[in-house]
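Here are the chains, one letter per residue:
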Amino acid sequence: MTQEIIISGFGGQGVLSMGKILAYSALMEGKEVSWMPAYGPEQRGGTANVTVIVSDERISSPIVSTFDTAVILNQPSLDRFESTVKPGGTLIYDGYGISQPPRRTDITVYRIDAMDAAAELGNAKGFNMIVLGALLKVHPLVRIDNVLQALRKTLPERHHHLLPANEEALRKGMSIIEQQ
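J.: Got a minute to help me understand the packing of aromatic side chains in this structure?
T.: Both the distance between ring centres and the angle between the ring planes are used here to describe each pair of aromatic rings. Scanning the model with the defined rule gives one aromatic pair in all. Here the aromatic rings of Phe67 and Phe81 are separated by 6.4 Å at their centres, their planes lie at 80°, and the arrangement is edge-to-face. Of this pair, Phe67 sits in strand E4 (residues 67-72) while Phe81 sits in helix H2 (residues 75-81), and the two are 14 residues apart along the sequence. Using a relative accessible area of 4% as the deciding quantity, one classes Phe67 as buried. Using a relative accessible area of 6% as the deciding quantity, one classes Phe81 as buried.

Pasting the structure below:
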């Protein structure tokens with residue numbers, strides 16, 4: 001099993017963190033992993049994306065031009081990456097940042113209203129964990145307990161009080177994702 005994933009949105013949406021947590025969780029499960037971030041000079045508000053490859057076998061190259069799954073958090077990212085999803089692949093998008101929804105019919109498309117869910121939970125910073133939960137519902141690449149352990153290891157200790165809110169956000173994302 002190999003899953004090549006692109007996660008893309010604006011800086012500040014937690015795109016790189018989401019990829020890092022997914023990669024770290026997969027490493028904890030003994031999987032082969034590649035994590036390759038890309039972002040513009042602006043840290044917040046500029047475009048950001050991360051390629052994550054999770055595999056049971058050695059990864060020959062971290063550079064890929066087509067993806068099994070695209071997680072899209074804004075319209076510029078959809079415009080750029082919709083065509084790079086392999087036929088039969090998966091596209092997950094947050095409805096808040098998209099004015100022209102995906103048009104392809106040869107892929108499976110899921111919508112998650114993560115921004116709305118984050119507001120409902122009163123946890124704007126949990127947006128990326130909601131999206132990660134949605135991805136893991138569609139493609140259970142790693143176990144949730146390992147995601148929580150990865151969060152514990154990657155978050156500074158002063159933020160460990162946020163772990164329960166992050167778990168709630170993960171589970172919320174798993175419950176609200178909808179196939180289009």
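J.: Explanation requested: helix H4 (residues 127-138) in the structure shown.
T.: Think of an α-helix as turning once every 3.6 residues; residues three or four places apart then point the same way. The end-to-end C-alpha separation of H4 is 17 Å, in line with the 16 Å expected for 12 residues at 1.5 Å each. Most of H4 sits inside the fold, with 11 of its 12 residues counted as buried. Of the residues making up H4, those classed as buried are Phe127, Asn128, Met129, Ile130, Val131, Leu132, Gly133, Ala134, Leu135, Leu136 and Val138.

J.: What am I meant to see in the packing of helix H1 (residues 15-28) against H4 here?
T.: Helices that pack against each other are described as a pair by the angle of their axes relative to one another and the distance between those axes. Interhelical geometry of H1 versus H4 gives an angle of 45° and a closest axis separation of 10 Å. Taken together, the axes of H1 and H4 lie oblique to each other. Classified by chirality, the crossing of H4 by H1 is right-handed. Between H1, through Ser17, Met18, Ile21 and Leu22, and H4, the contact on the second element is made entirely by Asn128, Met129, Val131, Leu132, Leu135 and Leu136. Considering only residue class, the contact of H1 with H4 consists of eight nonpolar, two polar and no charged.

J.: Sorry if this is basic, but what is going on with the sheet that holds strand E5 (residues 85-94) here?
T.: Remark on secondary structure: sheet strands pair via backbone hydrogen bonds, oriented parallel or antiparallel. The strand order across the open sheet formed by seven strands is E2-E3-E1-E4-E5-E6-E7, and the pairing between neighbours is mixed. Among the strands making up the open sheet, the edge pair consists of strand E2 (32-39) and strand E7 (178-179). With four bridges connecting them, strand E1 (residues 2-10) and E4 associate as parallel partners. If you follow Ile5 over to E4, its bridge partner there is Thr69. H4 contacts E4, E5 and strand E6 (108-112) of the sheet and is inclined by roughly 145° relative to E5.

J.: Would you mind going over the environment of Leu148 with me for this structure?
T.: One can find Leu148 in helix H5 (residues 144-154). Residues Leu148 and Pro164, spaced 16 residues apart in sequence, show a C-alpha to C-alpha distance of 9.1 Å. Setting aside chain neighbours within four positions, we find Leu148 in contact with Leu163, Glu167 and Leu170.

J.: Help me out: how do you make sense of the pattern of salt bridges in this one?
T.: A side chain with one charge may pair with a side chain of the opposite charge, provided their charged atoms come close. This model, assessed by the stated rule, comprises eight salt bridges. Residue Lys86 pairs with Glu4 through a salt bridge whose shortest N-O separation is 2.7 Å. Of this pair, Lys86 sits in strand E5 while Glu4 sits in strand E1, placing them 82 residues apart in sequence. If you follow the salt bridges from partner to partner, you end up with Glu4, Asp68 and Lys86 in one network.

The rules behind each value
Residues numbered from 1 in each chain as written. Predicted model: local features only at pLDDT ≥ 70, side-chain atom pairs only at ≥ 80, totals over all residues. Heavy atoms only, no water. Phe/Tyr/Trp six-rings, centres within 6.5 Å; stacked < 30°, edge-to-face > 60°. Helix = DSSP H or I, 4+ residues; strand = E, 2+ residues; numbered from the N terminus. Buried < 20%, exposed > 50% of the residue type's maximum accessible area, 1.4 Å probe, protein only. Expected span 1.5 Å × (residues − 1). Axes fitted to C-alpha atoms, helices over the stretch in contact; angles between N-to-C directions. Parallel < 35°, antiparallel > 145°, perpendicular 65-115°, else oblique. Left-handed = near helix turned anticlockwise from the far one by under 90°. Contact = heavy atoms within 4.5 Å. Nonpolar A, V, L, I, M, F, W, Y, C, P; charged D, E, K, R; others polar. Pairing = 2+ DSSP bridges. Salt bridge = Lys/Arg side-chain N within 4 Å of Asp/Glu carboxyl O.

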